[in-house]
Amino acid sequence: VQLVESGGGLVQAGGSLRLSCAASGRTFSLYAMGWFRQAPGKEREFVAAISRSTSTFYADSVKGRFTISRDNAKNTVYLQMNSLKPEDTAVYYCAAGRITTPQAMVDMRYYESWGQGTQVTVSS
């Protein structure tokens, strides 16, 4: 599956953005989808994931502020980001994987396909 992210940009602290990730192919519904991010000089980290059955998983740092959702009819996964903070600044990546266990949802090694990333910058 091929993935294309969109929706990144520059926003002030406290603001909101919605990222979208469009997937190609007819098997989107069979994949768990995740969002990861990488800030300059830091390792890529888990942000949120949604299973095929729409169970959701969040990093503690974004819980209560970010919401992941998917629309299988549109082959798209979303990340609604509210109450953004400067520390949320990063390149955000969408990923897809045939994952069935919660432990694997948060582990980037289990994701097979990755998008090119979209920059999110939060100014203070």
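See the structure shown above.
Note that the structure is predicted; figures quoted are calculated from it, not measured. (Residues numbered from 1 in each chain as written. Predicted model: local features only at pLDDT ≥ 70, side-chain atom pairs only at ≥ 80, totals over all residues. Heavy atoms only, no water.)

Participant: Give a detailed account of the nonpolar core, specifying residues and quantitative values.
Facilitator: As a rule of thumb, soluble globular proteins bury nonpolar side chains together. Residues Met33, Trp35, Val77, Leu79, Met81 and Tyr92 are the most contacted members of the largest nonpolar core, which totals 37 residues. The set of elements that each furnish at least two residues to this core consists of β3 (17-23), β4 (32-38), β5 (45-50), β7 (66-71), β8 (76-81), β9 (90-97), α1 (102-105) and β11 (118-123). (Core = buried A, V, L, I, M, F, W, Y, C linked by side-chain atoms within 4.5 Å. Buried < 20%, exposed > 50% of the residue type's maximum accessible area, 1.4 Å probe, protein only. Helix = DSSP H or I, 4+ residues; strand = E, 2+ residues; numbered from the N terminus.)

Participant: Account for unusual backbone geometry, with residues named and values stated.
Facilitator: One non-glycine residue, asparagine 75, adopts positive backbone phi at about 55 degrees. Take asparagine 75: it is sitting in the loop between β7 and β8. You can call asparagine 75 buried: its relative accessible area is 17%. A positive phi angle is found at serine 83, which is not glycine, with a value near 50 degrees. Structurally, the position occupied by serine 83 is in the loop between β8 and β9.

Participant: Pulling in residues and values, what's your account of the side chain of threonine 118?
Facilitator: With respect to the helices and strands, threonine 118 occurs in strand β11. Among the residues examined, threonine 118 registers a relative accessible area of 11% and is labelled buried. In this structure the side chain of threonine 118 is engaged in a polar contact, spanning 3.2 Å, whose partner is the backbone nitrogen of glycine 8. Ignoring sequence-local partners within four residues, the contact set of threonine 118 consists of Glu5, Ser6, Gly7, Gly8, Leu19, Ala90, Val91 and Tyr92. (Polar contact = N/O pair within 3.5 Å; in protein donor to acceptor, adjacent residues only side chain to side chain. Contact = heavy atoms within 4.5 Å.)

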